[in-house]
Structure formats: C-alpha cells, structure tokens
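# Reading the structure
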Amino acid sequence: MNSNAKWIKCGSEIGEISPDFRKCFSTGKKVVSAKAYVSAIGVYDLFINQKKVGKGYMEPGWTSMEHRVQYQTYDITDMLDEYNEISIIAGKGWGCGEIGYIRLPHNDCSAISVIASIELTYDDGTGESILTDDSWEVYTSEIAFSEIYDGETVDKSAPVVRLGRAYIDNTAKPELIDQVGEFITERERVLPSELIITPKGERVIDFGQNMVGYVELSIKASKGDRIVMSHAEVLDKDGNFYTDNLRGAKNLVTYICSGGEDTFRLRFSFRGFRYIRLDEYPFDEVDIDGFVAVAVYSDIKRTGRFVCGNDKLNRLYSNIIWGQRSNFLDIPTDCPQRDERMGWTGDAEVFCRTAAINYDVEKFFRKWLGDMALEQGENGLIWGVVPLIRDCGERISAAWGDAAVICPWEIYKAYGNLEMLRENYPMMKKWVEYMHSFGEEEFLWAGAYHYGDWLGMDAGYGIYMGATQTDLIATAFFAYSTSLVVKAGKALGEDTSYFEELYKNVRKAFRETFMKDGLPIIYPKYDALSTDRPVKADTQTAISLILRFGLFEENEREGLVGRLVELIKEYDGCMTTGFVGTPHILHALSDNGRADVAYDLLLQEKNPSWLFSVNHGATTIWEHWDSINDEGEMWDVEMNSFNHYAYGSVFDWMFGDMLGIKICDDGAAYTKIEIEPLTDKRIGFAEGAIDSRNGEIAVSWRYVGEKVRYDITIPENTEATLKIKGLAPKTLKGGSYTIVK
Ligand code: BGC
C-alpha cells in the first residue's frame, strides 16, 4: 500500500446505505502491470469497470482492530481499458458494525473508511499511482442496509445518487498490514430440497443443510416488488419456522426488484441457516428454482477424508465438516447465526486438531494467533474471545486461555512450520506465567472464575457449568500447557529447563491437592464451597484430564480407567462431559486399554451422545447434546446453537485412533507417525486419508470374517511405526502395504 494513500469516508447523508467510492482515470499509455491495494475499516468490494475484482468476500476480514487491519493486493492488469472507473463499495462489517452480544457501536455508514492505491507500470518503464484522496466521489449503492447480525437489504429499484466528494479521514487508524490470512470466499452452492408450507401457513424453503453464507435469488418481478426472507436453522416440534435461538440477531434479508431480470446476492453479511421463510414474495406460486444457497467461508483447502461402515457415523463426519465450514469464516467462531459469532478461544482450542486434519488451516490460524498475541495482556492474560470485543468474553478461563499454547502446538505438529511456532513462543510462555503468578499458591491455578467444563451434564439440567471443580481443571491445564511449552521450546532449540522444573512442580502440586489414593478429590478452599452448582472431583471430565495430561503414576492407571468406566455406567452408558472433558474422554479410554468403551460411547444413540443429534436430523454439530430433546423441546432460548463445532472434536479420535494415524511429537508435518488402528466389528470397515504436507497417508481396515485386512499407504519421507494388536511393531517407509491379521 502506497503510504501517500489517504483514508477516506463520506458524510452522514449516506445513512444506512453502503457508500460507493469512485474514481475515474485514463491510462494514456500501454499498461504492463497494474496492482490494486485496498483496505477498509468496514468491509469492501472492489470493482474495476463494473467488474468485481478478486474472489474475496467481506475483505479485509476480521483482525484485532485496535492493532491492525489487513489490506489485500490484486493484479488488475487485464481488467484495465484506456478509460477506467474504480469503485469501492463498503459496508460496516466487523470494523464499524454492531458486534458482540452487547451490540455496539451503533454506527451508520458514515463511520466506514476505505483506503486504496492503484500502482500502474507503463511499457515505457514509467509508472503512476492512483491513490484515495478527496478527489474521489461518493455515490449511493444498491445496498440499502447491512449489519452482520441483522441482515442486508439490496434495493435494485433505487436510483444511484452522487453525494459529492469524499472526505479525508485523519483519525488514528490501526496499522495496515499485508494480508496474512486466507481470503474469505464463496464455496459450495446448495440447491433447495423442498418448499414446505408449515402448519402456520408459512412458505419455507429447506436447503437440506445447515450452513453459512447467503441465498442467491434470480427473479423477474415488477419494479419495487420485495422478497423478504427470514433465516432459521431448525423447525420447531410442530414443523413451524423457529428463530428464538437467534436471540437479537434479526437475520432478515430484503431484495427489492428493478423490474428486469435480477440476480440478488449478499455482499457484507452472512447468515447461518438451513431454512428460509418467505415473509414477502411477489407471486402466489414460489419458484424454488430461482433460489440457491451459497456457502461462504475462508479459502482453506480440504485435506482429510473419512468413511466407515456405519452410516450414522458418516453423517456425523459430514456434520463436523459442515460445522467447520460454517465457523471458519476468517476467524474460528463459536457459532455463525445468533448475535455472537465471535472468536471464542476455548472452542478453537478444543477443535483445532480436528480442523487441521479436515483442512489446511495453517494460514488461517496463524492470522488469528497473531491477533491473540497482540491482545495478550502485559501479565500474560488471554481473553475469552479474540479479536476482543469489550464487555464480551473478557473472562480469563482455563481451557479458553490455553488456546494460546495448544493451538500453536497443534498447528506446528500438523504443518511443521518452526517460524510460526517461534512467532507464538513468547505468547505461549507468557500465558503459562500468567497461570503461574495467579493467586496465593505458586503451582496451582486456584481461586479464579472460569467457564469450567462448559455445558457438562453432571451439574444438573439447565446449568451451564459442569460439576467438575474448576480449580482442578485449571491446574490440570496449567500442567498440560507447561508441558507443551517444554515440547515447543525443545523443537525450537531453546533452553527449557525453567519450564521443565515448573512442570514438575505443578504436576506435584496437582497430585498433592487434587488426588488421593490415585483418584481425584476436591480442594475445598475456593469454588467448591461457594457456587450454586454441585461441585465434584469424581467426574468423567476430571479423570479424563488426569489420564490425558499424564498427571497420574503408573500404578494408578488401572484404578483411574476403572473408575471412568464405572462413571460412564452410572450415567447409563453415556458421557457427562462438556467442552473440557469431551475432547479427551475417548482418548482417555482407548489410550488405556478400553477402546471397547470408547466405541460404546461413539456408537451411543441416547442423549447425551454424538449420534443423538444425528438421529434427530442434525446436519451440523449442536451446541448442546440435546439442543432438541426426545420430546422435540428446545434446550433453551438463550444458548441453543445448532452449528457449534466444539463437540465435532471427536473426529480427532476417529482419525487418530479409529484409523490410528498419529503424528509423533518429533515428527511434525507427518514426517514421523504412528499407525495404530483400533478396529471394532460393529463398524465393519473404516478408511480415510490425509493429504499432508509430506504427501498422502491413507489407512483402511475391514473385517473379513474373523480377520481384519489393513491397507496402508505412506508417502516418501514419512516414517511410520505400525502397531497392530498381536503383531510386533513394524517400521514402514514410503509405499503401500497390506496386512491381514
Ligand atoms: C459461546 C461458547 C463459548 C462460551 C464461553 C458462549 O456464549 O457460544 O461457545 O465458549 O460462551 O463459555
């Protein structure tokens, strides 16, 4: 971006209409190269001679606006004529629009600023720059209203009006940085599956898939005719359109016709939906062929695939993929539909390993982690949401803040980029120091207020925080994150002795405080005595963490696993775990000889279980195990998303244990892996692969009578240790192998 380009904006007469900043120029000489650099406080679309430039949607994306904003670079050489018009249409987006459940600030479109430089190189070697300044003109556009939560109005009947010259915006701006993340792009196009007339008489179109993006509509109607669409994820138990779970987000899209053939689309917002209700439509007969749902998310490349002999698990896998598609729109969000859609750190911490199997998410996470580091407090604190939204997500919580360590480590393991790890290492260490310096006990993280085992089932119905004592969870994560800092430091060739010592002390303090006779116990000093929920230590989540984070001695293993299995039996063969315990419980079982029980949980269909939602028609992952219960009732109005990827983290078990593909700590980017498939006759077969940076790794197993046939493909430069029950471990190098056992 040329440093002489000025931020420009328009006057308040623009109201809610998206401004169109325009500049005309003629080239005179032959252009051999032309590049456009563009950014906005808001979101923008760039047009050259009325043609949209590039594949981006809602660029410049979402970064920590207090610190930095990206600009995008486009090659426009082939788009120029002798006389040219540049146009930048901008919406409020994340930079100026209402964001967070506090819904601030209430700006109109005069708050938007844009900046651009067009750099031309002529065939005689000379050059010219066209920069935003007060010679640019402002016009109205067809986008009459746009807010991320509330929706968008596209008015093709309104005249385009010239409002005058742009103003130079001299207010302080965040640092402009070259784009570090992926472009946000339009991806799958989903056709309607049916038109439903609900019992209330509503005209509803079902797209058959919960997703994120917008509905494109092609229609010919009279000038000024309106199509008004509400969006919903589910129908209620009577089959009526249900929007209560969207809370304050109106999600209303209005298309106003020009009188000719129109194709409508959104530009500056996105909806999370499976169904639309036609609140207004100009004809009695609905032509559903005119509608298509367009998925919008970051331009991440698919890397993983999976299929097995159980159709319900295959549906679960599809729901996990759609959950990722729906929540990887520039930053990892909790959910994409209600007045939230924020970068909750805990959700990303839980899901990042799965995310990096499904898609190549290195760049995606690197950008988000960069914002996290910029927003980290002096004392090392990490907020609940990144980018931070003041008064939303400001709680500093175990398992949420640990995203600062767990995400860089998982992303390093998946892609092997030491530079990325080095960039994040200071943040990782500072977060551990935050936990270390908190409160009175040096080696415990105790006495703080957390999110706990969020949505765990063991504290009673309707209570958000599961029963597991939060001091126990916090200190377990303190130990785990410290152990990962040691691993990361070693990978970077750093001296890790300080953190090794710290880890030993935290582990010891954990065991002395939270364990007795090899099982977890309550530390009564803080929240055990002072909350309005039952607080327990003898929980599935507590034991899963102890087993997963290595907080036990060898002679305690059997007792811990035994108790975990008992607790599952006590809960009628189901899990009680929430956000904290769920990603670990299957691993805790199968790592310790009880793959059979892990499979029982995976195949469980009663609530709570993964397949419960599948049986109830889910096409994405639900926020609650029973977002809709057996009676068809909704969990709640306030917190009931049908597109929350967190519990989709089970796929890291399906990939890492069912298929058995695990990256060794010293084998980042799948250069050194273990393959240890855990088969189960109830599933019949499983096969899957990852297109790793090192080449494709594929594993399949299939029951043939009482035997199992394994087919394995390893790329060159990958060393795999194959572990199959009853056979001696075997080292495999690049090639394909078949084993029957
Ligand atoms: C979000 C969660 C998030 C949580 C914090 C919720 O509102 O939707 O996914 O992690 O708050 O506990």
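Residues numbered from 1 in each chain as written. Predicted model: local features only at pLDDT ≥ 70, side-chain atom pairs only at ≥ 80, totals over all residues. Heavy atoms only, no water.

Further remarks concern the nonpolar core. If you look at the biggest cluster of nonpolar residues, it comprises 200 residues, and the most contacted ones within it are Phe291, Val361, Phe365 and Met658. In terms of residue count, the dominant contributor to this core is helix α7 (residues 470-491) (12 residues). Dropping the residues within four chain positions of it, phenylalanine 365 is found in contact with Phe328, Pro332, Ala348, Cys352, Ala355, Cys407 and Ile411. (Core = buried A, V, L, I, M, F, W, Y, C linked by side-chain atoms within 4.5 Å. Buried < 20%, exposed > 50% of the residue type's maximum accessible area, 1.4 Å probe, protein only. Helix = DSSP H or I, 4+ residues; strand = E, 2+ residues; numbered from the N terminus. Contact = heavy atoms within 4.5 Å.)

A few words on the pairing of strand β37 (residues 707-714). Going residue by residue along β37, you find Val708, Tyr710, Ile712 and Ile714 tucked away on one face and Lys707, Arg709, Asp711 and Thr713 left uncovered on the opposite face. What sits between the antiparallel neighbours strand β36 (residues 695-704) and β37 is a turn of two residues, in which glycine 705 has the positive phi angle 65°. (Pairing = 2+ DSSP bridges.)

Further remarks concern a nonpolar patch on the surface. A cluster of nonpolar side chains, namely Tyr101, Ile102 and Leu104, defines an oily patch on the protein surface of about 240 Å² accessible area. Along the polypeptide, isoleucine 102 turns up in the loop between α1 (93-96) and β8 (113-122). (Patch = residues over 30% accessible without salt bridge, like charges linked within 9 Å, V, L, I, M, F, W, Y side chains within 5 Å. Areas by Shrake-Rupley, 256 points an atom, 1.4 Å probe, with all protein chains shown as cover. Salt bridge = Lys/Arg side-chain N within 4 Å of Asp/Glu carboxyl O.)

Moving on: the packing of helix α9 (residues 540-548) against helix α11 (residues 582-590). The interhelical angle for the contact between α9 and α11, taken along N-to-C directions, is 60°, at an axis separation of 8 Å. The angle between the axes of α9 and α11 places the two elements in the oblique class. Of the two possible hands of crossing, α9 and α11 adopt the one that is left-handed. From α9, Gln540, Ser544, Leu545, Leu547 and Arg548 reach across to α11, where they touch His584, Ile585, His587 and Ala588. Considered class by class, the residues forming the contact of α9 with α11 number four nonpolar, four polar and one charged. (Axes fitted to C-alpha atoms, helices over the stretch in contact; angles between N-to-C directions. Parallel < 35°, antiparallel > 145°, perpendicular 65-115°, else oblique. Left-handed = near helix turned anticlockwise from the far one by under 90°. Nonpolar A, V, L, I, M, F, W, Y, C, P; charged D, E, K, R; others polar.)

As a matter of local geometry, the ligand sits amid Asp334, Arg338, Glu340, Trp344, Asp347, Trp400, Tyr451, Trp454, Phe579, Glu623, Met639 and His644. Taking glutamate 340, its side chain carries an N or O atom lying 2.6 Å from an oxygen atom of the ligand. Between aspartate 347 and the ligand, the recorded distance is 2.5 Å, taken from a side-chain N or O atom to an oxygen atom. In the complex, the protein chains occlude 96% of the 310 Å² of accessible area that the ligand would expose alone. Of the pockets mapped on this structure, the ligand occupies the second largest pocket. The residue makeup of the shell around the ligand, split by class, is six nonpolar, one polar and five charged. (Near = heavy atom within 4 Å. Polar contact = N/O pair within 3.5 Å; in protein donor to acceptor, adjacent residues only side chain to side chain. 1 Å grid on protein atoms, 1.4 Å probe; cavity = no way out; pocket = protein on both sides within 12 Å on 5 of 7 lines; lining within 4 Å. Sits in = over half its atoms within 2 Å of the grid points.)

A word on empty space enclosed by the protein. One pass over the structure, following the stated rule, counts two cavities of 30 Å³ or more. What the largest cavity holds in volume is close to 60 Å³. Along its surface, the largest cavity is lined by Leu316, Ser609, Trp610, Ser613, Ile621, Trp622, His624, Trp625 and Tyr647. In terms of residue class, the lining of the largest cavity is made up of six nonpolar, three polar and no charged. A volume near 50 Å³ is recorded for the second largest cavity. The wall of the second largest cavity is formed by Trp62, Trp94, Phe270, Ser326, Asn327, Leu329, Ile331, Thr333, Cys335, Pro336 and Arg341. Here the residues of the lining of the second largest cavity sort into seven nonpolar, three polar and one charged. (Points joined across faces, edges and corners; volume = space filled by probe spheres on them.)

It is worth spelling out unusual backbone geometry at this point. Along the chain, leucine 104 connects to proline 105 via a cis peptide bond; the corresponding omega equals -5°. The residue proline 105 is located in the loop between α1 and β8 in this model. Despite not being glycine, alanine 669 shows a phi value in the positive range, around 65°. With respect to the helices and strands, the residue alanine 669 is situated in the loop between β33 (661-663) and β34 (672-675).

Bringing the packing of aromatic side chains into the picture now. Scanning the model with the defined rule gives 46 aromatic pairs in all. Centre to centre, the rings of phenylalanine 365 and tryptophan 368 are 6.1 Å apart; their planes meet at 75°, and the pair counts as edge-to-face. In this pair, phenylalanine 365 and tryptophan 368 are both assigned in helix α4 (residues 362-375), three residues apart and thus about one turn of the helix distant. For the pair phenylalanine 365 and tryptophan 368, one class covers both residues: buried. (Phe/Tyr/Trp six-rings, centres within 6.5 Å; stacked < 30°, edge-to-face > 60°.)

The strand order β33-β34-β38-β39 describes an open sheet built from four strands, whose pairing is mixed. Pairing within the sheet leaves two strands with one partner each, and these edge strands are β33 and β39 (730-732). Looking at each pair of strands side by side, their axes are set apart by 25° on average, direction ignored. Where strand β38 (residues 719-722) and β39 come together, three bridges link them in antiparallel fashion. Residue pairing in the sheet places alanine 720 in a bridge with leucine 732 of β39.

End to end, helix α10 (residues 557-570) covers 20 Å across 14 residues, agreeing with the expected 20 Å (1.5 Å per residue, within 8%). Among all positions in α10, only Leu560, Val561, Arg563, Leu564, Val565, Leu567 and Ile568 are buried. On the buried face of α10, the contacting elements are β31 (515-516), β32 (519-520), α9, α11 and α12 (595-603). (Expected span 1.5 Å × (residues − 1).)

This part covers the environment of arginine 302. Here arginine 302 shows up in strand β26 (residues 301-302). With 103 residues separating them in the primary sequence, arginine 302 and valine 405 have C-alpha atoms 25 Å apart. The contact partners of arginine 302, leaving out residues within four places of it in the chain, are Tyr317, Ile321, Arg325, Asn358 and Tyr359. Among the polar contacts made by the side chain of arginine 302, one reaches the main-chain carbonyl oxygen of glycine 304 at a distance of 3.1 Å. Only 3.1 Å separates the side chain of arginine 302 from the side chain of tyrosine 317, close enough to count as a polar contact.

Glancing now at the sheet that holds strand β27 (residues 304-308). Spatial strand order, β27-β35-β36-β37-β40: five strands in an open sheet with antiparallel pairing. Each end of this open sheet is capped by a strand with a single partner; those strands are β27 and β40 (735-740). Averaged over neighbouring strand pairs, the angle between their axes works out to 5° when direction is ignored. Of the strand pairs in this sheet, β27 and strand β35 (residues 685-692) are connected by five bridges, and their pairing is antiparallel.

A few words now on the packing of α11 against α12. Relative orientation and spacing of two packed helices are given, respectively, by the angle between their axes and the distance between those axes. With their axes 6 Å apart at the nearest point, α11 and α12 run at an angle of 150° to one another. By the criterion of interaxial angle, the relationship of α11 to α12 is roughly antiparallel. For the crossing formed where α11 meets α12, the hand is left-handed. Only Ala595, Val597, Ala598, Leu601 and Leu602 of α12 make contact with α11, whose side of the interface consists of Ile585, Leu586, Leu589 and Ser590.

We now examine the side chain of serine 39. In this structure, serine 39 sits in strand β3 (residues 31-41). At a separation of 2.7 Å, a polar atom in the side chain of serine 39 contacts the main-chain carbonyl oxygen of glutamine 70. Discounting chain neighbours no more than four positions away, the residues touching serine 39 are Met1, Trp7, Tyr44, Pro60, Val69, Gln70, Tyr71, Ser113, Val114, Ile115 and Leu176.

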